[in-house]
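A look at the structure
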Amino acid sequence: MSRLLPLLVFAALCGLLGFGIWWNTHHETNEVPSPLLGKTAPEFTLPLLYEPQKSLSRKDLLGRPYLLNVFGSWCPTCQDEHPFLMREGKSLGVRLIGLDWKDEPEAAKRWLQQFGNPYETIVADEDGHAGIDFGVYGAPETFLVDAQGVIRYKRIGMLTPDVIATELEPQIAAVSAGAAP
Amino acid sequence: MRWLLLAMLLIAPAAFAIDPLPFKDRAEEIRFQHLARELRCLVCQNQDLADSEADLAKDLRKQVFELMRAGKSDAEIKQYLVSRYNDFVLYDPPLKPGTWLLWFAPGALVLIGAGVLANILRRRSRQIPEEPETGEDW
Amino acid sequence: MLPELGQFALILALLLALVQCALPLYGAWRNNAALIALARPAVAGQCVFVVLAFGMLTYAFLVQDFSVAYVAQNSNTSLPWYYRFPAVWGAHEGSLLLWVLILNIWTVAVATLSRRLPDVLIARVLGVLGFVSFGFLLFTILTSNPFLRHLPALAEGNDLNPILQDPGLIMHPPMLYTGYVGFSVAFAFAIAALLGGELDVAWVRWARPWTNVAWAFLTFGITLGSWWAYYVLGWGGWWFWDPVENASFMPWLVGTALLHSQAVTEKRGSFRAWTLLLSIFAFSLSLLGTFLVRSGVLTSVHAFASDPRRGLFILVFLGTVVGGSLLIYALRAPKVAGGKPFNILSRETLLLINNLMFTCAAAMVLLGTLYPLIGDALGVGRISVGPPYFGFMFALLMIPVVALLPFGPLFRWATADWRATLRVLRPALVLACIATACAKFVAPDLPLRGLAGVAASLWVAIGIALYALKRWREAPAGRRYTPEMLGMIVAHFGVALFLAGVLITEATSIERDLRFAPQESQRIGGLDFAFRGVARVQGPNYLADEGTLEVRRDDRLIATLHPQKRQYAGQQMQSKSDIDPGVLRDVYVALGEAVGSDGAWSVRVYVKPFVRWIWLGGLLMMCGGFTAACDRRFRGSPVRTAETSAAVPDHPVELPA
């Protein structure tokens, strides 16, 4: 029996490694799951991109669910994502709020002029502080926040029609159902 | 995901990891360095916060520095980051049920191994050789 | 045309590998001398074609044939000619071909230098090596062909990663591969012994020099890698416990245990199961390392591009080779523990503890490296395991080893007189304590690690010196030190240097990120650093900002350092630090970026005492390994089984079933 032990341990190891390969093909290995899921969205007060003297804070958004999309004019993937937001943003049934992350307001405005503006409101997080509070580590990222201000879903990476259909829309449905008076 | 990382690295201005911060004394600097080495950069996931050149790393270093100045302890600073970024941001895996195997298995292995060996040794040494062997000692 | 020839050569090599594997093994089983005799010619043939294939790839790089996709991906017209050669192994496909080439070189060496060994054994050894080569060639041809064309040929290639454009690249991978591929020889000998049902241990004597040489190369490869990372990466670190580094360290740990276990098995006949298993594990970990680096299962800065298909292939191969060998072990391993009996207090016991601790250390590194995967499998979330874990656990596991090290050579086989040994070692203990106390007195701020470094390194160094002295006094002249013994002394002394280097550097390094205004001078670690500005410099394929820093001690100029920040043709930036090396300390400077508009720059300065001792220690260990391999006893006349020192077990002990 003890002679078989090394073989058995090795078989277990191979199982683990095989699992690893399988896992790899089904998951993005660089993704770090957010600890904020199911928790209240962090406090923030940020100036609006187009009207910097006004600001938007977390409490202003309570009462209705919203999608917070983190983007930047410097981010090429956000450019890839943008057409999908333009196309489907309005039909999603929730407000689309843009968070212009670590960006220069003028550059962002030019970018939006060039590619279109699907957002209901855009706030500017120039120094990235709000981003850190949300646990943002790359762009684009999108958060779905419900009417009570709890983060229900986070998408790391761009939103594709596929992801929107299979992941985002069911989540939005669940959130809206919950929010119905 | 690779494009995301590449995007961050190529487009964002190369913010080098060399970051002179206004430490008030050497002790504060050393404490900062220790902390930064225990935190993982989430963008360049195989570098610690001290060595990473990513923009986010620079921001997080500044954040850690500000928290230190605000009087937070090391544990509080780590908790601050973990509550935003997940345990993954720590290089030192916290001791929790999910990591018991990690922290205790090596020790357990040594103890079990030692036990088995001790047993075998005791059995073997029942045939104790009469005297130390003469001749070539090597 | 030539790349196609290369591809064809690979296929021929594959066929010859199949011949080399299947026929001699079958022949050994059936005692068919003709088939057995096929082994050596098959080895030669396979090697010729592998060398040809490698040559074709190298030629494609030297002439910059961008119609070969691999060449286009890994070089560029502005790449200096001397970096085109190591660019061959700069990425997955080429490095795999290098692996196969090195395996073939080892196999040819074994085939050539083993004329005095029994043919049946050699047939099995070469057969096993043939199987490994077959697997790797198949993998290369099916999933990682370096000769694939990209037509029409590109006019310009990608650039080689600037970090890899360095002399260290020329040496590090080949030395590392020579090491871990070399463990395949010990592996092949072990499998051959199991297949042949050898109850005696003559085969261990023959396997020992090969194992020692492989271990020495691996030690060299790891040391080089560490030194290279230190000066190239720019951040003063020398070991990061990165998964790929761990992949080379695990075979080293098991290889160290193997070296020691083989010594016991050869001389005393005991530890046969350990030696067999460690031989299998050492090479298995090498294969596992190959898997980890190329399958994408773990993220690492070092890893080659990942591909699940490749990962699956290597996994199946790994499963076959290792699973197969462990099955053979389960079926054929000696059921009875042989060898001369020994007391609880004896050299054998110490080496048993050594085996245990090194094996546990390797298991710990494996656990930590794979834990993120285990975490995913168990669903406990993303776990991150880094240097704080590995460094802590490794140090803990090595404490017993370091404490017992000087006892090893002084304890006798079978029964040791511990009182006498302690008497001999007393000066070491006393001197280590005194030195540690002095260190504490001279540097009251020295952290515990530094004190431990002083104590441990002196304990080991003086301990080994006392052994050497004892041997000098007691052994007859002319037979004082065999090469094996000398190798042991040198290698253990290397361990002492390594301990001193690691612990003292970790305890006393100074790192500062500073802003230097033009002509400003700052004082760090007892040295004055004067910044003399930054100038633009043109290199062969890069444009750089070069800073100048003058380092002075008490107004005497010690060094002028020129750290650079380079911008390469392919848009890649690299920080090239400058180092003033020294036996007792390194001064290390890296340039940051311009701060403000008055010509000020941010600079990182390190003062690292004793850091070179780390690599010096590694080099000494390597020398010890090579020296030990030269021992005459390994090169003697063909040893008939009756002549080995441990032919028949004297007092067989039933092993637990």
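Residues numbered from 1 in each chain as written. Chains lettered and ligands numbered in written order. Predicted model: local features only at pLDDT ≥ 70, side-chain atom pairs only at ≥ 80, totals over all residues. Heavy atoms only, no water.

1. What about the interface of chain A and chain C?
For an interface, size is often stated in terms of accessible area lost upon the parts coming together. Going by this rule: Throughout, a residue-residue contact means that at least one pair of heavy atoms, one from each residue, lies within 4.5 Å. Take the accessible area each of two parts loses on contact, using a 1.4 Å probe, and add the two losses: that sum is the buried area. By salt bridge we mean one thing: a side-chain nitrogen of Lys or Arg within 4 Å of a carboxyl oxygen of Asp or Glu. By the criterion applied in these results, polar contacts are pairs of N or O atoms within 3.5 Å in which, for protein atoms, one can donate a hydrogen and the other can accept it, and in which residues neighboring in sequence qualify only through two side-chain atoms. Under this grouping Gly is polar, as are all residues other than the nonpolar Ala, Val, Leu, Ile, Met, Phe, Trp, Tyr, Cys and Pro and the charged Asp, Glu, Lys and Arg.
Between chain A and chain C, the residue contacts involve 22 residues of the former and 32 residues of the latter. Counting the surface chain A buries against chain C, the share from its top three residues, Arg3, Leu17 and Ile21 of chain A, is 32%. Taken together, chain A and chain C are joined by zero salt bridges. Inspection of the region where chain A meets chain C yields one residue pair in polar contact (both at pLDDT 80 or more). Residues belonging to the side of chain A that touches chain C are distributed by class as follows: 13 nonpolar, seven polar and two charged.

2. Focus: a nonpolar patch on the surface
All names here are of chain C. Using the following cut-off: Residues enter a patch when their relative accessible area is above 30% and they make no salt bridge; the linking distance is 9 Å between like charges and 5 Å between nonpolar side chains (Val, Leu, Ile, Met, Phe, Trp, Tyr). Surface accessibility in these figures is a Shrake-Rupley result with a 1.4 Å probe; residues are shielded only by whichever protein chains are displayed. A run of H or I in DSSP becomes a helix once it reaches four residues, and a run of E becomes a strand once it reaches two; helices and strands are each numbered from the N terminus. Remark: exposure states derive from per-residue accessible area (1.4 Å probe, protein chains only) relative to the maximum for the residue type, with buried under 20%, exposed over 50%, and partly exposed in between.
A contiguous nonpolar surface patch, about 760 Å² in accessible area, is contributed by Met1, Leu2, Leu5, Phe8, Tyr59, Leu62, Val63 and Phe85. At the level of elements, α1 (2–30) and α3 (39–62) are the ones that each hand at least two residues to the nonpolar patch. A per-element tally of the nonpolar patch places α1 first, with three residues. Position of Phe85 relative to the elements: it lies in helix α5 (residues 84–87). Look at Phe85 and you get partly exposed, because its relative accessible area is 36%.

3. Some details on the confidence of the model for chain C
Residues and elements named next belong to chain C. The test is simple: Residue-level confidence of the predictor is what pLDDT reports, using numbers from 0 through 100.
For chain C, per-residue confidence averages 88 on the pLDDT scale, and 94% of positions sit at 70 or higher. This model gives residues 639–657 a pLDDT under 50, and the stretch forms 39 contacts once residues within four places in sequence are excluded. The ipTM assigned to the predicted complex is 0.86, against a pTM of 0.91.

4. Side note on the sheet that holds strand β11 (residues 600–609) of chain C
Sheets are built from strands paired through backbone hydrogen bonds, the pairs being either parallel or antiparallel. Residue and element names in this part refer to chain C. Rules: Paired strands are those between which DSSP finds at least two bridges. Interaxial angle, 0 to 180 degrees, is taken between N-to-C directions of lines fitted to C-alpha atoms, where a helix line uses only the stretch in contact.
Spatially, β2-β11-β10-β9 is the arrangement adopted by the four strands of the open sheet, whose pairing is antiparallel. Unpaired on one side and paired on the other, β2 (510–516) and β9 (578–580) mark the two borders of the sheet. This sheet shows a mean twist of 20 degrees between the axes of neighbouring strands, independent of strand direction. Relative to β11, β2 runs antiparallel, the two being bridged by seven bridges. In the strand pairing of β11, Leu514 is matched with Val603. Across the sheet, helix α9 (residues 202–232) touches β9, β10 (585–595) and β11, and the angle it forms with β10 is around 40 degrees.

5. A word on the domain arrangement of chain C
Worth spelling out the cut-off: What marks off one domain from the next here is an automatic or database domain assignment.
Partitioning chain C into structural domains gives domain 1 (1–160) and domain 2 (513–611). For domain 1 of chain C and domain 2 of chain C, the distance between their C-alpha centroids amounts to 44 Å.

6. Considerations on empty space enclosed by the protein
For clarity, the cut-off: Throughout, the protein atoms alone are placed on a 1 Å grid, and a set of points is a cavity if a 1.4 Å probe fits but cannot get out or a pocket if it is open with protein on both sides within 12 Å along at least five of seven lines; lining residues have an atom within 4 Å of a point. Grid points are joined across faces, edges and corners, and a volume is the space filled by probe spheres set on the points.
Across all of its chains, the model carries four cavities of 30 Å³ or more by this definition. Size it by volume and the largest cavity reaches roughly 110 Å³. If you trace the largest cavity, you find 13 residues lining it, with Phe32 and Gln33 of chain B together with Glu511, Asp513 and Arg604 of chain C closest to the centre. In terms of residue count, the dominant contributor to the lining of the largest cavity is helix α2 (residues 26–38) of chain B (four residues). Among the residues forming the lining of the largest cavity, the class breakdown is five nonpolar, one polar and seven charged.

7. Concerning the state of the cysteines
Stated formally: Two cysteine sulfur atoms form a disulfide, by the criterion used here, when they sit within 2.5 Å.
Scanning the entire structure with this criterion turns up one disulfide over all chains. Across the disulfide from Cys75 of chain A sits Cys78 of chain A; the S-S distance is 2.3 Å. Where Cys75 of chain A bonds to Cys78 of chain A through sulfur, the torsion about that S-S bond is close to 90 degrees, and the disulfide is right-handed. Classification of Cys75 of chain A by relative accessible area gives buried; the value is 1%. Overall, Cys78 of chain A belongs to the buried group, its relative accessible area being 2%. This cysteine, Cys623 of chain C, is not joined by any disulfide, and Cys630 of chain C carries the nearest cysteine sulfur, 11 Å off. Classification of Cys623 of chain C as partly exposed rests on a relative accessible area of 35%.

8. Some thoughts on the pairing of strand β7 (residues 151–156) of chain A
Consecutive residues of a regular strand have side chains that alternate between opposite faces of the sheet. All names here are of chain A. The buried fraction of β7 amounts to five of the six residues, a majority that puts the element mostly inside the structure. As defined by bridge partners, strand β6 (residues 141–145) adjoins β7 across five bridges and the pair is classed as antiparallel. Counterpart to Leu144 in the pairing with β7 is Tyr153. Between β6 and β7, which follow one another and run antiparallel, lie five residues, and Gly149 among them has a positive phi close to 90 degrees.

9. Some points on the interface of chain B and chain C
Counting residues at the interface gives 54 residues for chain B and 73 residues for chain C. Summing the contributions of chain B and of chain C, the shared interface buries around 5,500 Å²; its carbon and sulfur component is 61%. Here chain B is connected to chain C by four salt bridges. For Glu29 of chain B, the salt bridge is made with Arg512 of chain C, and the minimal N-O distance between the two is 2.5 Å.

10. Describing the packing of aromatic side chains
Where we set the bar: Stacked, edge-to-face and tilted labels apply to pairs of Phe, Tyr and Trp rings (six-membered ring for Trp) whose centres lie within 6.5 Å, assigned for plane angles under 30 degrees, over 60, and everything in between, in that order. To sit over a ring, a charge needs its Lys NZ or Arg CZ within 6 Å of the ring centre and within 35 degrees of the ring normal.
Counted by the stated rule, this structure contains 45 aromatic pairs over all chains. Over the ring of Trp413 of chain C we find Arg347 of chain C; its NZ or CZ atom is 4.7 Å from the centre of that ring.

11. Re the environment of Cys75 of chain A
Residue and element names in this part refer to chain A. Within the secondary structure, Cys75 sits in the loop between β3 (66–71) and α2 (76–88). In sequence terms Cys75 and Trp101 are 26 residues apart; their C-alpha atoms lie 9.8 Å from each other. Excluding anything up to four places from it in sequence, Cys75 contacts Ala139 and Pro140.

12. Quick notes on the sheet that holds strand β5 (residues 121–125) of chain A
Residues and elements named next belong to chain A. Strand order across the open sheet formed by five strands is β5-β4-β3-β6-β7, with mixed pairing between neighbours. The outermost strands of the open sheet, each flanked by one partner alone, are β5 and β7. Adjacent strand axes in the sheet meet at a mean angle of 20 degrees, parallel and antiparallel pairs treated alike. Both β3 and β6 contribute to a ladder of five bridges, which runs antiparallel. Within β6, the residue paired with Val70 across the bridge is Glu141.

13. Some thoughts on unusual backbone geometry
The residue after Ala139 of chain A, namely Pro140 of chain A, is reached through a cis peptide bond having omega -5 degrees. Relative to the helices and strands, Pro140 of chain A is located in the loop between α4 (129–134) and β6. Geometrically, the link from Leu151 of chain C to Pro152 of chain C is a cis peptide bond, its omega value of 0 degrees lying close to zero. Of note, Pro152 of chain C is situated in the loop between α7 (119–143) and α8 (167–196). Of note in the backbone geometry, Gln64 of chain C takes a positive phi value of approximately 55 degrees without being a glycine. Inspection of the secondary structure puts Gln64 of chain C in the loop between α3 and α4 (69–74). The buried category is assigned to Gln64 of chain C, whose relative accessible area is 14%.

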